[in-house]
Amino acid sequence: MQTLIPLAETIAARLIERGETVGVGESSTGGLISAALLAVPGASAYFRGGGVIYTPRARAALVNITKEDMDGIRAASEPYALLLARRTQDLLGATWGLSETGATGPTGNRYGDAAGHSCTAVVGGIEGQLGQRVMTVETGSADRQANMRAFAMRALQQFADVIGAR
């Protein structure tokens, strides 16, 4: 958390300055992205909510992504990261949606991704500054905890870049 919080503080300051909000849908980071954003005092001004969307059951129950929505999309992919970010943003009425999905390790996932694979997405913005960015990260590591931290950091870095906080 100590490496995530300074970046979260920068993000928080930018969101507060602009009167914007964020909703987070994360999977293999297990809540680290949300925890970093919530560790900053004043989080209620910009953090609309978040969820750990770790299973198909959570996907359906928490962000209303159905089997039909997933037709032709596999989890732990860029298209799914975009869908999760959009759905989170919409359901929480946030300016921005931020998502992460991947395989932390020590083994890969059932979709064929190796440990250390993650996809993150940012969608949203205010009129005239709408944006969308998606990214795949491959750490090459099977260290579950290190991957969780690395994925959370990459997601926060990507978000900071999109909102101009770095």
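Scroll up a little and you will see the structure.
The structure contained in this document is the topic of the report that follows. Given the structure is predicted, the values throughout are model-derived calculations rather than measurements.

## Notes on the side chain of His117
In this structure, His117 sits in strand E4 (residues 117–124). Owing to a relative accessible area of 6%, His117 belongs among the buried residues under this scheme. Among the polar contacts made by the side chain of His117, one reaches the main-chain carbonyl oxygen of Ala76 at a distance of 2.8 Å. Side-chain polar atoms of His117 contact the side chain of Glu138, separated by 2.6 Å. Filtering out sequence-adjacent residues up to four positions away, His117 remains in contact with Ala76, Thr101, Gly102, Ala103, Thr136, Val137, Glu138 and Phe151.

## Here we look at the packing of aromatic side chains
Taken as a whole, this structure holds one aromatic pair when the rule is applied. Considering the side-chain rings of Trp96 and Phe159, the 6.1 Å spacing of their centres and the 70 degrees angle between planes classify their relative orientation as edge-to-face. Of this pair, Trp96 sits in strand E3 (residues 96–103) while Phe159 sits in helix H5 (residues 144–163); the two residues are 63 residues apart in sequence, bridging distant segments of the chain.

## Side note on helix H3 (residues 56–63)
Along an α-helix, residues three or four apart share an orientation, since each turn contains 3.6 residues. Turning to H3, its buried residues number three or more, namely Ala58, Arg59 and Val63. Buried residues of H3, seen end-on, are gathered within an arc of 105 degrees and therefore sit on one face of the element. Exposed side of H3, more than 90 degrees from the buried face: Arg57 and Ala61 are the residues found there. Tucked inside the fold, the buried residues of H3 contact strand E2 (47–52) and helix H4 (78–92). Downstream of H3 by one or two residues, Asn64 has phi in the positive range, about 50 degrees.

## With respect to the pattern of salt bridges
It is possible for side chains bearing opposite charge to pair when their charged atoms get close. All chains considered together, the criterion is met by four salt bridges. Linking Arg14 and Glu17 is a salt bridge whose minimum nitrogen-to-oxygen distance equals 2.9 Å. Here the residue Arg14 and the residue Glu17 both occupy positions in helix H1 (residues 5–18), the gap between them amounting to three residues, near one helical turn. Classification of Arg14 by relative accessible area gives partly exposed; the value is 23%. With relative accessibility at 59%, the residue Glu17 sits in the exposed group. Measuring nitrogen to oxygen at the nearest pair gives 3.5 Å for the salt bridge that ties Asp69 to Arg87. On the criterion of sequence distance, the pair formed by Asp69 in the loop between H3 and H4 and Arg87 in helix H4 is long-range, its members being 18 residues apart. Taking relative accessible area as the criterion, Asp69 reaches 29% and is therefore assigned partly exposed.

About the cut-offs
Residues numbered from 1 in each chain as written. Predicted model: local features only at pLDDT ≥ 70, side-chain atom pairs only at ≥ 80, totals over all residues. Heavy atoms only, no water. Helix = DSSP H or I, 4+ residues; strand = E, 2+ residues; numbered from the N terminus. Buried < 20%, exposed > 50% of the residue type's maximum accessible area, 1.4 Å probe, protein only. Polar contact = N/O pair within 3.5 Å; in protein donor to acceptor, adjacent residues only side chain to side chain. Contact = heavy atoms within 4.5 Å. Phe/Tyr/Trp six-rings, centres within 6.5 Å; stacked < 30°, edge-to-face > 60°. Arc of directions from axis to C-beta. Salt bridge = Lys/Arg side-chain N within 4 Å of Asp/Glu carboxyl O.

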